[in-house]
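Residue-level structure breakdown
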Amino acid sequence: MVWRPAKARNQTRSRPESEIKRLIAAFEEGQWLLAVFISVNFTAPSFNPNKPLTSPPNQLLPISRFSSFQSKLPLFSLHLNQNLSPTNFRKSRVAPTFLVVASGEKAEPLRVMISGAPASGKGTQCELITKKYNLVHIAAGDLLRAEVAAGTENGKRAKEFMERGQLVPDEIVVMMVKERLSEQDSQEKGWLLDGYPRSVSQAMALKKFGFDPDIFILLEVPEEILVERVVGRRLDPVTGKIYHLKYSPPETEEIAARLTQRFDDTEEKAYLILFSFPENNVEAVLSMYEDVIVKVDGTLPKQEVFSKIDNILTELLERKESALGSLAA
């Protein structure tokens, strides 16, 4: 910040046009949020109006100096370079001019992990969260298929294992997730990591790369309800819409008559899927995020489940904004 006295009381020197343009350019580049000249009617009696306090006339702090520590600036900063007592204020006859600069920094975006067993409603909640908070939704399975289809280096490596009927090694999937989390949209909007990590090694790898969540949401649903949800699912072959005979029945008899059941939506298949769900691994993963875990009752209607998650995320965002704003105090 530059602070220099004006030449006379209640007078401020107009800034050169080139200087104003420079401020506007800095504003447009997001380096400064606000640049305002303020006339103040007090100062210390020892000020020499013809001698600058901190820098020569017409000299602004170089923009490069701001960019080097922009992330450390508060939302609004005003720093006085003179120790002015109230007595000196009252004796003042000369008004200094201030250049007040504020940082364009915003509160950090949300970083969310969500986990839940198959049929826990995780997919539905991910859709609702993504829509409300505009987060980048990242699911390891979808990411893996996309990388293979795109023929990326990681995708080619993963395809070799998939063609042999083998599981894709953690290190390949972790690199896919790490690279997706590092992309600009994830960094700017925030991210929602769906069903990942699933093991301690995956969690440790993400932590090593510096990807720690603000919150880890766990949807809790008893096994018998999970099975009931799977067995009651029906598919409309015409529209592709998924119904549930109990929780989301078809609107008309005509639709009900054409519904089909997927081959894997049987009780036997449901228990097999749940048995393969790595519950022990999940518990181990949860232990790594115990400080940020929030458990949500997934047996409630989907809108009630989302309402609870929504309240949690809203409060988290408010805390982030409050923490940023407190720097200006």
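What comes next concerns the included structure.

Basis of the calculations
Residues numbered from 1 in each chain as written. Predicted model: local features only at pLDDT ≥ 70, side-chain atom pairs only at ≥ 80, totals over all residues. Heavy atoms only, no water. Helix = DSSP H or I, 4+ residues; strand = E, 2+ residues; numbered from the N terminus. Buried < 20%, exposed > 50% of the residue type's maximum accessible area, 1.4 Å probe, protein only. Contact = heavy atoms within 4.5 Å. Polar contact = N/O pair within 3.5 Å; in protein donor to acceptor, adjacent residues only side chain to side chain. Core = buried A, V, L, I, M, F, W, Y, C linked by side-chain atoms within 4.5 Å.

Let us look at the environment of R180. Summarising the element assignment, R180 is placed in helix α7 (residues 170-182). The buried category is assigned to R180, whose relative accessible area is 18%. Residues R180 and A140, 40 residues apart in the sequence, show an inter-C-alpha distance of 10.0 Å. With residues near it in sequence (within four places) discarded, R180 still touches V136, I138, L143, D185 and S186. Reaching out from R180, the side chain makes a polar contact with the side chain of E183 at a distance of 3.1 Å.

Turning next to the nonpolar core. In terms of nonpolar packing, the biggest core is built from 26 residues, with M113, I138, V177, L181, L193, Y196 and L206 touching the most fellow members. The element contributing the most residues to this core is α7, with 6 residues. Apart from residues lying up to four places away in sequence, Y196 is in contact with M113, I114, A140, V173, V174, V177, Q202 and L206. Counting residues in each nonpolar core, the second largest holds 17 residues, with C126, L219, V305 and F306 among its members.

Within the secondary structure, V173 sits in helix α7. Remark: the alpha-carbon pair of V173 and L143, spanning 30 residues in sequence, is separated by 8.6 Å. Excluding anything up to four places from it in sequence, V173 contacts A140, V168 and Y196.

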